[in-house]
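Notes for the structure review
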Amino acid sequence: MSNQSSQGIQTLLEAEKDAASVVQEARQYRTQRLKDARSQASKEVEEYKKQKEEEFKSLESKNAGSTENLQAQVDKETEQKISELKKVYEAHKDAVLDKILDRVTKVNPELHRNLRKLES
């Protein structure tokens, strides 16, 4: 019986070693899978980051060109308005100057209306 019981114990010890080995392999496998998943996720994040950076640069360069175009258009419109104002100025400056000089040089001396009421 002692032989059988020592053989049973031996079998149990071997089974325990096998189980520990299987558990250890499972832990190593899980650890390796986690490392692989992290590195894969890191690669995906970097690729996504590069893609978005390229999109941003493309959009930025596209808008930079349109900003220059818009600035040129605004400058052109401003020049047109300035030239229109100069034309209007040139067309009316003589008439306005005549009116101003007429008001300044032709003084019609009259008593103020409040002074007239006091004299009455």
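Read on for an overview of the structure. Each chain carries its own residue numbering, running from 1 in the direction its sequence is written. Side-chain atom pairs in this predicted model are given and counted only at pLDDT of 80 or more, local residue features only at pLDDT of at least 70, and totals for whole chains, interfaces and linings cover all residues. Calculation of side-chain values draws on the structure's entire complement of heavy atoms; hydrogens and water are dropped beforehand.

Quick look at the pattern of salt bridges
Any two side chains of opposite charge can pair if their charged atoms end up close together. One speaks of a salt bridge when a side-chain nitrogen belonging to Lys or Arg is within 4 Å of a carboxyl oxygen belonging to Asp or Glu. Summed over the entire model, instances satisfying the criterion amount to three salt bridges. A salt bridge links K52 to E55, with the shortest nitrogen-to-oxygen separation between them at 3.3 Å. Here K52 pairs with E55, and both are found in helix α1 (residues 2–105), just three residues apart, close to one helical turn. For every residue, the accessible area (1.4 Å probe, protein chains only) is compared with the maximum for its type, and the residue is labelled buried under 20%, exposed over 50%, or partly exposed between those bounds. Judged by its relative accessible area of 38%, K52 is partly exposed. For E55, a relative accessible area of 38% translates into the label partly exposed. Here E90 and K93 are joined by a salt bridge, their closest N and O atoms 3.6 Å apart. Within this pair, E90 and its partner K93 are both found in helix α1, separated by three residues, close to a single helical turn. Under the relative-accessibility criterion, E90 is labelled partly exposed at 45%. Judged by relative accessible area, which is 33%, K93 ranks as partly exposed. We count a stretch as a helix when DSSP gives it H or I for four or more residues in a row; a strand needs E for two or more, and each element gets its number in order from the N terminus.

What to know about a nonpolar patch on the surface
Residues enter a patch when their relative accessible area is above 30% and they make no salt bridge; the linking distance is 9 Å between like charges and 5 Å between nonpolar side chains (Val, Leu, Ile, Met, Phe, Trp, Tyr). The protein chains shown are the only cover counted for residues, whose accessible areas, like all others here, come from Shrake-Rupley with a 1.4 Å probe. Taken together, the side chains of V96, I100 and V104 define a hydrophobic patch exposed on the protein surface, amounting to about 270 Å² of accessible area. For I100, the position within the fold is in helix α1.

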